[in-house]
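This is what each chain is made of:
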Amino acid sequence: MSNPLLSLFRSKIYTALVMLIVLIFIGVLGYKFISGYQWIDAIYMTVITITTVGFAEVNPLDTPSKIFTVFLILASVVIVGYAISIITEYILSRNNFEDIKQRKMQKRINAMSNHIIICGFGRNGKQAARKLLAYKKPFVIIERNRDIVEKFQEDDIPFIFGNANEDETLIEAGIERASTLISALPSDADNLFVVLSARQINENLRIISRASEETSYNKLKLAGANNVILPDKIGGDHMASLVVIPDLIEFIDNLGIVGERNINVEEVQVNKLYDAKEIKTIKDLDLRKKTGCTVIGFKNENGEYIVNPEAETRLVPGSKIVVLGRPEQIQRLNSEYDIV
């Protein structure tokens with residue numbers, strides 16, 4: 001995404017260069033045909049006149065040549081001055097561009113609430129960001145590698161350049177207003193420190209942390225992480241499962257997100273489906289008939305999950321259902337009940 005300010009400066013620089021070229025061209029032609037100079041002498045006279053260096057002319061100037069020189073000097077003062085001012089302003093703006101862009105990004109982050117913070121934009125951080133983009137969830141990325149920030153910030157992804165271990169950086173990312181933090185740093189020690197800091201700042205924050213070693217699992221949980229993910233363990237289990245039950249695993253993989261429009265599973269809060277003043281059941285909602293989606297899970301107000309719930313399950317306030325469907329059916333569900 002190109003910056004409008006820099007594009008404006010570039011267009012002004014191009015205009016100034018064209019005006020300089022035209023001015024030189026007019027000067028050379030004027031000294032050639034008005035003063036009768038040779039081409040090389042005409043170029044020499046044009047350059048020393050425009051730059052006002054004060055060297056002596058090649059031959060004494062007659063009256064028409066003097067009048068032409070006066071107008072050439074006046075024009076050059078205006079055009080060269082304009083070109084110098086534009087180039088100087090452009091250089092200064094280039095130096096301040098990162099600060100301007102960061103202030104603009106910070107203003108955007110300050111307007112966020114109930115967003116997700118991703119600490120680290122490595123392999124796991126990128127995967128998390130890709131999935132959040134597919135679900136259109138607002139998020140902020142904290143990354144301390146400036147090259148990565150500059151590379152991916154052009155995609156209009158909100159970045160905070162800094163160390164996630166520092167409280168100031170977490171506060172800049174809006175941790176006090178955030179709903180979830182994903183710590184995907186490569187070092188377990190760094191993830192542990194981030195979890196401790198985040199839990200201290202926001203007690204209600206949901207924290208999901210990556211861990212490389214199984215011995216770090218309990219430490220991260222004790223530090224305040226709600227969920228701890230072991231990517232290597234999950235990857236190994238997944239590969240083994242592809243040997244034991246390949247068709248089932250392949251089917252489950254297809255329930256995820258392949259692209260922005262290929263969402264097959266959705267979790268929905270009950271209060272978005274109907275007015276809970278009069279409690280309904282799964283059968284009463286009849287989502288299968290209305291949207292084509294099938295209810296495959298239920299989470300009650302106490303956080304307990306029920307797989308394949310009965311049709312008579314009461315959808316009390318604070319509970320959630322998990323539905324399964326084709327992408328177009330999930331989209332119909334979201335449109336029908338205005339689920340975001």
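See the structure above.
Residues numbered from 1 in each chain as written. Predicted model: local features only at pLDDT ≥ 70, side-chain atom pairs only at ≥ 80, totals over all residues. Heavy atoms only, no water.

### Let's talk about the overall build of the chain
So, step 1. Within the chain, the secondary structure is distributed over 13 helices and 10 strands.
So, step 2. Taken over C-alpha atoms, the radius of gyration comes to 33 Å for the chain, far larger than the 20 Å a tight globule of 340 residues would show.
So, step 3. With respect to the principal axes defined by its C-alpha atoms, the chain has extents near 105 × 50 × 45 Å.
So, step 4. Among the 340 residues that make up the chain, the fraction classed as buried is 39%.
So, step 5. Considering only contacts within the chain whose residues lie at least 6 apart along the sequence, 59% involve residues at least 24 apart.
So, step 6. Carbon and sulfur atoms make up 57% of the accessible area of the chain, which totals about 20,700 Å². (Helix = DSSP H or I, 4+ residues; strand = E, 2+ residues; numbered from the N terminus. Rg over C-alpha atoms; globule rule 2.2 N^0.38 Å. Buried < 20%, exposed > 50% of the residue type's maximum accessible area, 1.4 Å probe, protein only. Contact = heavy atoms within 4.5 Å. Areas by Shrake-Rupley, 256 points an atom, 1.4 Å probe, with all protein chains shown as cover.)

### A few points about the pattern of salt bridges
So, step 1. Under the criterion given, the structure shown has 3 salt bridges.
So, step 2. In this structure, E267 engages K320 in a salt bridge whose closest nitrogen and oxygen atoms are separated by 3.6 Å. Residue E267 is found in strand β7 (residues 265–269), and its partner K320 is found in strand β10 (residues 320–324); the two are separated by 53 residues along the sequence.
So, step 3. With a relative accessible area of 40%, E267 lands in the partly exposed category.
So, step 4. Classification of K320 as partly exposed rests on a relative accessible area of 23%. (Salt bridge = Lys/Arg side-chain N within 4 Å of Asp/Glu carboxyl O.)

### Topic: unusual backbone geometry
So, step 1. Positioned with a positive phi, D286 is a non-glycine residue whose angle comes to about 55°.
So, step 2. Here D286 lies in the loop between α11 (282–285) and α12 (287–291).
So, step 3. Despite not being glycine, N308 has its phi angle at roughly 50°, a positive value.
So, step 4. Structurally, the position occupied by N308 is in the loop between β9 (305–307) and β10.
So, step 5. Using a relative accessible area of 57% as the deciding quantity, one classes N308 as exposed.

### Remarks on the sheet that holds β7
So, step 1. Taken together, the 4 strands give an open sheet; going across it, the order is β7-β10-β8-β9, and neighbouring strands pair in antiparallel fashion. The open sheet has two free edges, formed respectively by β7 and β9, since each of these has just one partner strand. Strand-to-strand twist across the sheet, computed as the mean angle between neighbouring axes with direction ignored, equals 25°.
So, step 2. The pairing of β7 with β10 spans 5 bridges and is classified as antiparallel. Bridging across to β10, V268 finds its partner in I321.
So, step 3. Relative to β7, helix α13 (residues 327–337) is tilted by about 20°, and along the sheet it contacts β7 and β10. (Pairing = 2+ DSSP bridges. Axes fitted to C-alpha atoms, helices over the stretch in contact; angles between N-to-C directions.)

### Overview of the packing of aromatic side chains
So, step 1. Under the defined criterion, the tally for this structure stands at 5 aromatic pairs.
So, step 2. Taking 6.0 Å as the distance between ring centres and 10° as the angle between the ring planes, the aromatic pair formed by Y31 and Y37 counts as stacked. In this pair, the class of Y31 matches that of Y37, namely buried.
So, step 3. With a centroid separation of 5.3 Å and an interplanar angle of 85°, the aromatic rings of Y31 and F68 are classed as edge-to-face. With a gap of 37 residues between them, Y31 in helix α1 (residues 4–33) and F68 in helix α3 (residues 63–110) connect regions that are remote in the sequence. (Phe/Tyr/Trp six-rings, centres within 6.5 Å; stacked < 30°, edge-to-face > 60°.)

### Focus: the packing of helix α9 (residues 231–244) against helix α10 (residues 246–253)
So, step 1. Two numbers describe how α9 lies on α10: the axes approach to 5 Å, and their chain directions differ by 130°. Judged by the inter-axis angle, α9 sits oblique to α10. Seen from α9, the contacting residues are H238, S241, L242, V243 and V244; seen from α10, they are P246, I249 and D253.
So, step 2. Taken together, the residues of the contact of α9 with α10 break down into 5 nonpolar, 2 polar and 1 charged. (Parallel < 35°, antiparallel > 145°, perpendicular 65-115°, else oblique. Nonpolar A, V, L, I, M, F, W, Y, C, P; charged D, E, K, R; others polar.)

### Describing the nonpolar core
For soluble globular proteins, nonpolar side chains are generally found buried alongside one another.
So, step 1. Within the largest apolar cluster, 26 residues are counted, with the highest numbers of intra-cluster contacts made by I117, C119, I142, I175, L181, L205 and I207.
So, step 2. Where this core is concerned, the elements lending two or more residues are α3, β1 (116–119), β2 (139–143), α7 (188–201) and α8 (215–223).
So, step 3. Counting residues per element, this core draws most heavily on α7, at 3 residues.
So, step 4. When residues no more than four places from it in sequence are discounted, the contact partners of C119 are I142, A164, L170, L181, I182, S183, A184, L185 and V194.
So, step 5. Residues L287, L315, I321 and I330 belong to the second largest nonpolar core, which totals 16 residues. (Core = buried A, V, L, I, M, F, W, Y, C linked by side-chain atoms within 4.5 Å.)

### Examining the sheet that holds strand β5 (residues 206–210)
So, step 1. Strand order in this open sheet of 6 strands is β3-β2-β1-β4-β5-β6, and the pairing throughout is parallel. Both edges of this open sheet fall to β3 (159–161) and β6 (227–229), since each of them pairs with a single strand only. The mean inter-strand angle of the sheet, taken between neighbouring strand axes irrespective of direction, is 15°.
So, step 2. Where α7 meets the sheet, its contacts fall on β1, β4 (180–183) and β5, and the angle it forms with β5 comes to roughly 175°.

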